[in-house]
Amino acid sequence: MSTAHHSRKSPLRDCELRQRDAQVSTCDGREQIVLVGLDGAEQRLCPAHAAALWLTDPTLRFSAKTRPEGIAAVMGQAFGRGGGRR
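These figures come from a predicted structure and were not determined experimentally.

(A) Highlighting the sheet that holds strand E2 (residues 42–45). The strand order across the open sheet formed by 3 strands is E2-E1-E3, and the pairing between neighbours is antiparallel. In this open sheet, the two edge strands, each paired with only one partner strand, are E2 and strand E3 (61–62). Examined bridge by bridge, strand E1 (residues 33–36) and E2 share 4 bridges and lie antiparallel to one another. Its bridge partner lying in E2, Val34 is registered against Arg44.

Structure, rendered in structure tokens:
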């Protein structure tokens, strides 16, 4: 019996908008963000697509499935990576 640790996490799937919007060069390709609409429908997106949708649809919210690093990546895409420094 092996003592090696195997990851229980499933591999990241492709961003749901990657196939629909193949011309977008900012797509990170892998989903990290889960946005939820008012109807409870989940969208699994890359940070670039999540930022675009989140900024244009005020009803979307981040799912608890989204890690803090993922939310930070969306904020960086949405507002720039300046970090608030002056």
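(B) Representation of the nonpolar core in the model. By size, the foremost hydrophobic cluster in this structure holds 11 residues: Cys15, Cys27, Ile33, Leu35, Leu45, Cys46, Ala48, Ala50, Ala51, Leu60 and Val74. Residue assignment for this core shows that the elements contributing at least two residues are E1 and helix H2 (47–56). For this core, the leading source of residues is H2, giving 3 residues. Ala50 has contacts with Ile33, Leu35, Leu45 and Val74, leaving out every residue within four places of it along the chain.

(C) The arrangement of the packing of H2 against helix H3 (residues 68–79) in detail. H3 packs onto H2 with a crossing angle of 65° between their chain directions and a minimal axis gap of 8 Å. Viewed along their axes, H2 and H3 adopt a mutual orientation that is roughly perpendicular. Viewed along their axes, H2 and H3 form a crossing whose handedness is right-handed. Residues Pro47, Ala48, Ala50, Ala51, Trp54 and Leu55 of H2 pack against Ala73, Val74, Met75, Gln77, Ala78 and Phe79 of H3.

(D) Structural view of the packing of aromatic side chains. Enumeration according to the criterion identifies 2 aromatic pairs in this entry. Residues Trp54 and Phe62 carry aromatic rings whose centres are separated by 5.8 Å and whose planes lie at 40° to one another, so their mutual orientation is tilted. Residue classification places Phe62 among the partly exposed residues on the basis of a relative accessible area of 23%. Between Trp54 and Phe79, the ring centres sit 6.1 Å apart and the planes meet at 85°, which makes this aromatic pair edge-to-face. Here the residue Trp54 occupies a position in helix H2, and Phe79 occupies one in helix H3, the gap between them amounting to 25 residues. Residue class for Trp54 comes out partly exposed when judged on its relative accessible area of 24%.

Conventions used here
- Residues numbered from 1 in each chain as written.
- Predicted model: local features only at pLDDT ≥ 70, side-chain atom pairs only at ≥ 80, totals over all residues.
- Heavy atoms only, no water.
- Pairing = 2+ DSSP bridges.
- Helix = DSSP H or I, 4+ residues; strand = E, 2+ residues; numbered from the N terminus.
- Core = buried A, V, L, I, M, F, W, Y, C linked by side-chain atoms within 4.5 Å.
- Buried < 20%, exposed > 50% of the residue type's maximum accessible area, 1.4 Å probe, protein only.
- Contact = heavy atoms within 4.5 Å.
- Axes fitted to C-alpha atoms, helices over the stretch in contact; angles between N-to-C directions.
- Parallel < 35°, antiparallel > 145°, perpendicular 65-115°, else oblique.
- Left-handed = near helix turned anticlockwise from the far one by under 90°.
- Phe/Tyr/Trp six-rings, centres within 6.5 Å; stacked < 30°, edge-to-face > 60°.

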